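Observations on the three-dimensional arrangement
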Amino acid sequence: MTPLRPIGHIAGNLPILAVTIVYRVRMANDARQYVCWVDDDGCVYLALTSHPRANAMLRHAQEQRVNTYRKPRQAPFPCTATDITDDLRQARAAFAQRTLHEASEAAA
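Residues numbered from 1 in each chain as written. Predicted model: local features only at pLDDT ≥ 70, side-chain atom pairs only at ≥ 80, totals over all residues. Heavy atoms only, no water.

**Structural notes on the packing of helix H1 (residues 14-26) against helix H3 (residues 81-107)**
Contact geometry of H1 with H3 gives a least axis separation of 8 Å together with a crossing angle of 125°. As summarised for this structure, H1 and H3 are arranged oblique, according to the angle between their axes. Our pair here, H1 against H3, has a crossing hand that is right-handed. Where H1 abuts H3, its residues Leu14, Pro15, Leu17, Ala18, Val19, Ile21 and Val22 lie against Ala81, Ile84, Thr85, Leu88, Arg89 and Arg92. A per-class count over the contact of H1 with H3 returns 10 nonpolar, 1 polar and 2 charged. (Axes fitted to C-alpha atoms, helices over the stretch in contact; angles between N-to-C directions. Helix = DSSP H or I, 4+ residues; strand = E, 2+ residues; numbered from the N terminus. Parallel < 35°, antiparallel > 145°, perpendicular 65-115°, else oblique. Left-handed = near helix turned anticlockwise from the far one by under 90°. Contact = heavy atoms within 4.5 Å. Nonpolar A, V, L, I, M, F, W, Y, C, P; charged D, E, K, R; others polar.)

So this is what it looks like as structure tokens:
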């Protein structure tokens, strides 16, 4: 399997990340399911749910998942870049909250 590289950072430009996600899912084969997640370092990944790292994240780190996207059979991808930007904004807030919580636990 090819190495998995991040598509961006959660502190970066969210509309650009959203356009990247929309493009990749639109160009995918029908009925392929992708999962988007943010790792502990803030890197945003998009991979098929069958990828080993995506599979491990879905099993062990559900709190890192942004959303799961699927292109329907014989139909266009229903999500817009605005929808995905909203998902990424929620993920950014959750990441910030998780990071602050971990930092306060480490300081205590």
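**What to know about a negative patch on the surface**
A grouping of Asp40, Asp41, Glu63, Glu102 and Glu105 is seen on the molecular surface, where their side chains present a negatively charged patch. Relative to the helices and strands, aspartate 40 is located in the loop between strand S2 (33-38) and strand S3 (43-48). Looking at aspartate 40, the relative accessible area reads 57%, which means it is exposed. (Patch = residues over 30% accessible without salt bridge, like charges linked within 9 Å, V, L, I, M, F, W, Y side chains within 5 Å. Areas by Shrake-Rupley, 256 points an atom, 1.4 Å probe, with all protein chains shown as cover. Salt bridge = Lys/Arg side-chain N within 4 Å of Asp/Glu carboxyl O. Lys, Arg positive; Asp, Glu negative; His and termini not counted. Charge placed at Lys NZ, Arg CZ, Asp CG, Glu CD. Buried < 20%, exposed > 50% of the residue type's maximum accessible area, 1.4 Å probe, protein only.)

Fair warning: the whole summary comes from geometry, so function is off the table for now.
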